[in-house]
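Residue-level structure breakdown
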Amino acid sequence: MQHKKRIGYLISAALLAAVLAGCSQSPFGIFASVARERAILDDRNLDNEITVGAMTKAGTKYFLAAGALYYRDEDNPGAADDADKKPSWESVPAPGTNYTTTSVVTVDFTGTDERVFAVYASADGVTHRVYEIDVADPKKTPTPRFETTGSDFALGEIFALDDGLDVWLVVNHEGDATISDWSLYGSTDGDTFSPISGTAANEPYVDVVADPVSNDVLYLRANAVLTDVDGVAAGADPGDAAPAPGLDSPARFTGAHYDSVGNLFWLADNSGHLYSAAPGFAAWTRNTTAYTTSSADNAPVISFTDFSAVPRGAQTVLLVGTSGYGYRVIGDAATATATSGVSSPAVDGSNYESSALATSTVSAWFVDPDPVTGYPVVTADGEQSWDGSIVFAGTPKQGLWRALSSDDGPIQWLRE
Amino acid sequence: MTKKHIRRVALALLLAVTTAAFAQQAEDEEIFVPTNSLGDQTLGINLGPFIPLFIAGGGEVVPWGNLTLGGVGSLAWGSYITNEFKLGVELGGSFSFTPNRRALFIVPLVVNASYIFQAYPFDFPVSVGLGTSFSRIDEYLKVDPFVKAGGSFFWNYSTQWAFGANLNYWFIPQIYTDNSEAGADETRLGNFLELTFSALYHF
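Residues numbered from 1 in each chain as written. Chains lettered and ligands numbered in written order. Predicted model: local features only at pLDDT ≥ 70, side-chain atom pairs only at ≥ 80, totals over all residues. Heavy atoms only, no water.

What chain B contains, in helices and strands, is one helix and nine strands. Counting helices and strands in the order they occur from the N terminus, chain B gives α-β-β-β-β-β-β-β-β-β. Across the 203 residues in chain B, those meeting the buried criterion constitute 41%. Restricting to contacts in chain B with at least 6 residues of sequence separation, those with at least 24 account for 56%. Within the structure as shown, chain B displays about 11,100 Å² of accessible surface, and the carbon and sulfur contribution to it stands at 69%. (Helix = DSSP H or I, 4+ residues; strand = E, 2+ residues; numbered from the N terminus. Buried < 20%, exposed > 50% of the residue type's maximum accessible area, 1.4 Å probe, protein only. Contact = heavy atoms within 4.5 Å. Areas by Shrake-Rupley, 256 points an atom, 1.4 Å probe, with all protein chains shown as cover.)

As structure tokens, this is what we get:
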């Protein structure tokens, strides 16, 4: 009898354990979340499982580096009424068999000619090249512009920046002298590349950003911040930021951004800290208590990724991506600093909370501040006339997301 | 005794025997109505559609709870206290989907009390249940109070087996406090309907 009772208790405990297994306390009300959920439209032909490295736009075309390089036309007035007319994604032919790319930028060296560059690597890792894409006809095979060949050489992420003196295409380059010998190479015409003095390091650069008004340039590595207050090429070489932003070891920097609205340089790290500094880098503001995923005890610290500044009505809203928890809103770029705090995106009327984006890493942002305006677009809440900007969020293995941002109504995310 | 008298007596006897025989047959065919008593038990299995009614709270009432029609099932054990009154325990599970195909699972564990109106071979139990429910979506779980009330219809196929249907209303107050991670303004009242078909075994 006693034995049977014990078995009964064990079965009950097992059932309860099965129900509870793998569960955690919800940061939102379960019924509340269900009640406010809005459908996520998937209105484009892009694979939802791709890993997005970078995105850019040139002319009327978007380009997406996600293993293959994809492109599509921006949306056309009236096209949303007819699914068949919606611009769909197509592939740019890879320049070699099994060549892949995760980095693409648009550079306008002259102010009148937007050019698109992507860095490709061969599958065996031996060949790395920067290629130029024909914007007018992306179906053409890309043209090589800069290369390294050999097992000790590599090219990493590429960046576009305007330091106010020149417009630069900057390339992470490995293999000048010894193993793990990284430096930046720059080009102001897309044809000739040369090392940027003072950038030799034992790790690649995560980001390079510049303020064209002050000519300040910030070079970011995982463990170091270099600053240069007189442009990339002119004057003194970049040097370690002084004062230093105050990275807590073993944290690592993950992203940098210069925001022209608030006139601040921003940094993010993987241990819940944000940093901001005005041009000149005289002082860094840093949140001293790491941001966490929630207010609960022992909630994980947010690992930030990179920033985005999204025009939203009269404001520009700063967003910062996270690793595994979607993104956070910093707030009005005009007034925000690193200590302003971050908040989860508003969920009322939005489909964000129930989207895979909310539990994904945001690995790449792209904002199209000036899409064609005043045309009808289809959102989760039906067809709307749109005059705002469009923000894209790229994720690893969860594809590319698109949202329409204006000064009224909640953000609705759509899948590309 | 004349022949006439003999005929009359024989007719009377025949009539008496026939009447007795018919009476016995009628007695043999009287309907047997089984009764339940303390200690008699039942085990039932229920399956059917799960109908979200509405989710209320946060200043709004969301029709159908923003959920699809789903499915529900349960296993129920009961024990008669009297012929008309039964207490039991029921473990159920339901699923339905959100607009983005997220699955909402609700697993109620309920103590049931039923009063059974009987019109053999049919039973009409009226039940209330109190318990706990486990609501789960994605990797998140919430444990809530659970109330159900409803009625059933059963046809007693034999003394052991009965088949029927249940219609139950589920009320789940999903309460969050200010101290919870979600916050008090995430409190909602879930209202659902369970329509199940049952097989009930008496033992």
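What follows is about the interface of chain A and chain B. Across the boundary between the two partners, chain A contributes 27 residues, which contact 31 residues of chain B. Of all residues in chain A, I30, F31 and V34 of chain A bury the most surface against chain B, accounting for 28% of the area lost on that side. On inspection of chain A and its partner chain B, the count reaches two salt bridges. With its nearest N and O atoms 2.8 Å apart, the salt bridge here joins E37 of chain A to R102 of chain B. Remark: the boundary between chain A and chain B carries 15 residue pairs in polar contact (both at pLDDT 80 or more). Only helix 1 (2-20), strand 1 (24-25) and helix 2 (30-36) of chain A provide two or more residues apiece to the side of chain A that touches chain B. Broken down by class, the residue content of the side of chain A that touches chain B amounts to 16 nonpolar, eight polar and three charged. (Buried area = accessible area lost by both parts, 1.4 Å probe. Salt bridge = Lys/Arg side-chain N within 4 Å of Asp/Glu carboxyl O. Polar contact = N/O pair within 3.5 Å; in protein donor to acceptor, adjacent residues only side chain to side chain. Nonpolar A, V, L, I, M, F, W, Y, C, P; charged D, E, K, R; others polar.)

Turning our attention to the pairing of strand 29 (residues 400-405) of chain A. Residue and element names in this part refer to chain A. With six of six residues buried, strand 29 lies mostly within the body of the structure. Neither face of strand 29 is open: one carries L400, R402 and L404, the other W401, A403 and S405, and all of them are buried. Here strand 28 (residues 389-394) pairs with strand 29 via six bridges, running antiparallel. Counterpart to I390 in the pairing with strand 29 is L404. Between strand 28 and the antiparallel strand that follows it, strand 29, lie five residues; K397 among them carries a positive phi value of about 65 degrees. For strand 29 and strand 30 (residues 412-415), the ladder comprises four bridges, and the chain directions are antiparallel. Opposite A403, over in strand 30, you have W413 as the bridge partner. (Pairing = 2+ DSSP bridges.)

The next point concerns the sheet that holds strand 24 (residues 327-332) of chain A. Residues and elements named next belong to chain A. Taken in spatial order, the three strands make up an open sheet running 22-23-24, and their pairing is antiparallel. Looking at which strands have only one partner, the edges of the open sheet turn out to be strand 22 (304-312) and strand 24. Adjacent strand axes in the sheet meet at a mean angle of 25 degrees when their direction is disregarded. The pairing of strand 22 with strand 23 (residues 315-322) spans seven bridges and is antiparallel. Bridging from a neighbouring strand, A309 pairs with L318 of strand 23. (Axes fitted to C-alpha atoms, helices over the stretch in contact; angles between N-to-C directions.)

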